[in-house]
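For reference, the chains in residue letters:
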Amino acid sequence: MTEHAKHVHHAEGGDQAEGGHGNHHGPHIATSANYLFIFTALLVLTAVTVWAATMELGFLNTPVAMAIASVKAILVILYFMHLKFSPGQTKLAAAAAIFWLLILLIITFFDYIGRTWQDNPPGW
Amino acid sequence: MSVSTEAAAHGHEVHDHPEYMRHQFDDMEQQNDAANLGMWLFLLTEVMFFGGFFLGYSIYRSEYYDSFVIGSQNLDVFLGGLNTVALITSSVTMAFAVRAAQLGKKNHILIFLVLTLILGLVFMVNKYIEYSHKLHDGLIPGYNFLWTGLGDGQSIQLFYSFYFCMTGTHGLHVLIGLVLIVWLLIRVWQDKFTTEYYAPIENFGLYWHFVDLVWIFLFPLLYLIGGLAV
């Protein structure tokens, strides 16, 4: 068992050097400083979003809040969830999630907006 | 377990791998990538699950904007903000727990998982305080909802329906997360993980960050509509 464990370790080491596919050889280990920087950015953006809510921005209040939330989401996804350093198929899965969410939201919104464009037929 | 030492990485024989490595994989990197992809696919379904809530919320909010503003301004921004900070902090402690797992530092994994657990509990306690205030104020839709202030009680009740469905489903996710952290703590304590096998910790981290993500959108959408009165 010990010999075996040693071997696996060796195999992984060899893998690192191989340079086969993409940038995914062994896990990417972020530095503590990196995580603390992202953490600080998230706290600052939280404060900014509360501050922005106290401003009179008219119809822009919600877009601004959503933009800030999206920046926070991107930071979490790329760095905390390691997507930036994940293999291609994982990035594809993440992109698919956003793509289908947008289909769900945008097409339904257009349906609702479009309903007022002309009078409903009698009986509706 | 018979061991032929050359094998593992490529073209291994049947039992020539550690317990935690499944037969169908060539090596640990492949297994870890597969586990990672599987977790993301699960999160994809979670995105669609919460997406339905966000969609319904958006449509009714555009329909009854004024009522949603009244309902929103009745929520406790301080508690909501505190919970945002608690979840974000718990996300970073979770990221550190995964990092400790990558580095094989058992004590650090335990410490950071416990911190994550505590922050998750703080979130749930705040949520409990918020919910019990709403119960006391008679703002539980379909149970004791009675709107006495200005505005259309019917559509304000709709806002509260969304509030409770969305934060309730989210809170359930946090609760499940807390149970999973306890499970992970036991597994770490039992030395079940190594520097090459820690996929359960990493995948739980992904789940936990996703729960944080949902809250990042819920907070402005529920607590900050129509501006804050200061």
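Everything quoted here is computed from the prediction, not taken from an experiment.

Calculation rules
- Residues numbered from 1 in each chain as written.
- Chains lettered and ligands numbered in written order.
- Predicted model: local features only at pLDDT ≥ 70, side-chain atom pairs only at ≥ 80, totals over all residues.
- Heavy atoms only, no water.
- Helix = DSSP H or I, 4+ residues; strand = E, 2+ residues; numbered from the N terminus.
- Buried < 20%, exposed > 50% of the residue type's maximum accessible area, 1.4 Å probe, protein only.
- Contact = heavy atoms within 4.5 Å.
- Areas by Shrake-Rupley, 256 points an atom, 1.4 Å probe, with all protein chains shown as cover.
- Expected span 1.5 Å × (residues − 1).
- Salt bridge = Lys/Arg side-chain N within 4 Å of Asp/Glu carboxyl O.
- Core = buried A, V, L, I, M, F, W, Y, C linked by side-chain atoms within 4.5 Å.
- 1 Å grid on protein atoms, 1.4 Å probe; cavity = no way out; pocket = protein on both sides within 12 Å on 5 of 7 lines; lining within 4 Å.
- Points joined across faces, edges and corners; volume = space filled by probe spheres on them.
- Nonpolar A, V, L, I, M, F, W, Y, C, P; charged D, E, K, R; others polar.
- Polar contact = N/O pair within 3.5 Å; in protein donor to acceptor, adjacent residues only side chain to side chain.
- Axes fitted to C-alpha atoms, helices over the stretch in contact; angles between N-to-C directions.
- Parallel < 35°, antiparallel > 145°, perpendicular 65-115°, else oblique.
- Left-handed = near helix turned anticlockwise from the far one by under 90°.
- pLDDT = per-residue confidence, 0-100.

Observations concerning the overall build of chain B
- Within chain B one finds 6 helices and 0 strands.
- When burial is assessed residue by residue, chain B has 56% of its 230 residues classed as buried.
- Nonlocal contacts in chain B, meaning residues at least 24 apart in sequence, comprise 73% of its contacts between residues at least 6 apart.
- Total accessible area computed for chain B in this model is approximately 10200 Å², and 64% of it derives from carbon and sulfur atoms.

Focus on helix 3 (residues 61-80) of chain A
- In this model helix 3 of chain A runs 28 Å from its N-terminal to its C-terminal C-alpha over 20 residues, within 8% of the 28 Å that 1.5 Å per residue would give.
- Burial in helix 3 of chain A covers these residues: A:Asn61, A:Ala65, A:Ile68, A:Ala69, A:Lys72, A:Ala73, A:Leu75, A:Val76, A:Ile77, A:Tyr79 and A:Phe80.

What to know about unusual backbone geometry
- Despite not being glycine, A:His82 has its phi angle at roughly 60 degrees, a positive value.
- Its place among the elements puts A:His82 in the loop between helix 3 and helix 4 (88-114).
- In this structure, B:Asp191 is a non-glycine residue whose phi angle is positive, near 60 degrees.
- Mapped onto the elements of the fold, B:Asp191 is located in the loop between helix 5 (153-189) and helix 6 (199-223).

Side note on the pattern of salt bridges
All names here are of chain B.
- Evaluation of the coordinates by the stated rule reveals 2 salt bridges over all chains.
- Lys 106 is the partner of Asp 191 in a salt bridge, and the nearest nitrogen-oxygen pair spans 3.3 Å. Of this pair, Asp 191 sits in the loop between helix 5 and helix 6 while Lys 106 sits in helix 4 (residues 106-136); the two residues are 85 residues apart in sequence, bridging distant segments of the chain.
- Under the relative-accessibility criterion, Asp 191 is labelled exposed at 52%.
- Across the pair Glu 130 and Lys 127 runs a salt bridge whose closest N-O atoms are separated by 3.2 Å. One end of the pair is Glu 130 and the other is Lys 127, both in helix 4 and 3 residues apart, which spans about a single turn.
- For Glu 130, a relative accessible area of 1% corresponds to the buried category.
- Of the residues examined, Lys 127 reaches a relative accessible area of 3% and is grouped as buried.

A closer look at the nonpolar core
- Ranked by internal contacts, the top residues of the largest apolar core, which has 90 residues, are A:Met81, B:Leu113, B:Tyr160 and B:Ile201.
- The element that contributes the greatest number of residues to this core is helix 6 of chain B, accounting for 16 residues.

Focus: empty space enclosed by the protein
- Tallied over the full model, the rule gives 3 cavities of 30 Å³ or more.
- Considered as a void within the structure, the second largest cavity measures approximately 110 Å³ in volume.
- If you go around the second largest cavity, you meet 14 residues; those closest to its centre are A:Asn61, A:Thr62, A:Ala65, B:Pro220 and B:Leu224.
- Elements that contribute at least two residues to the lining of the second largest cavity include exactly helix 2 (32-53) and helix 3 of chain A together with helix 6 of chain B.

Notes on the layout of surface pockets
Residue and element names in this part refer to chain B.
- Of the pockets and cavities examined, the largest pocket occupies roughly 1200 Å³.
- In terms of residue count, the dominant contributor to the lining of the largest pocket is helix 1 (residues 28-63) (13 residues).
- For the lining of the largest pocket, a count of residues per class yields 32 nonpolar, 5 polar and 3 charged.

A word on the side chain of B:Ser67
All names here are of chain B.
- If you trace the backbone, Ser 67 turns up in helix 2 (residues 65-73).
- Within the local environment of Ser 67, its side chain forms a polar contact with the side chain of Ser 155, the two groups lying 2.6 Å apart.
- Leave out the neighbours within four places in its chain, and Ser 67 touches Asp 152, Ser 155 and Ile 156.

Overview of the environment of B:Ala100
All names here are of chain B.
- Mapped onto the elements of the fold, Ala 100 is located in helix 3 (residues 77-103).
- Exposure remark for Ala 100: the relative accessible area of 4% places this residue in the buried category.
- With 11 residues separating them in the primary sequence, Ala 100 and Ile 111 have C-alpha atoms 9.7 Å apart.

Things to note about the packing of helix 3 of chain B against helix 4 of chain B
All names here are of chain B.
- One way to put it is that helix 3 packs onto helix 4 with a least axis distance of 8 Å and a crossing angle of 160 degrees. For the element pair helix 3 / helix 4, the angle class is roughly antiparallel. Helix-helix and strand crossings are classified by hand; for helix 3 and helix 4 the assignment is left-handed.
- In terms of residue class, the contact of helix 3 with helix 4 is made up of 17 nonpolar, 7 polar and 2 charged.

Some details on the confidence of the model for chain B
- Across chain B, the average pLDDT comes to 90, with 92% of residues at 70 or higher.
- Here residues 1-9 of chain B scores under 50 on pLDDT; set against residues more than four positions off or in separate chains, the count is 23 contacts.

Brief notes about the confidence of the model for chain A
All names here are of chain A.
- On average, residues of chain A carry a pLDDT of 81, and 80% of them reach 70 or more.
- Within chain A, no element has a lower average pLDDT than helix 1 (residues 2-18), which sits at 40, and none a higher one than helix 2, at 95.
- When the criterion is pLDDT under 50, residues 1-24 qualifies, and its contacts beyond four places in sequence or with other chains add up to 29 contacts.

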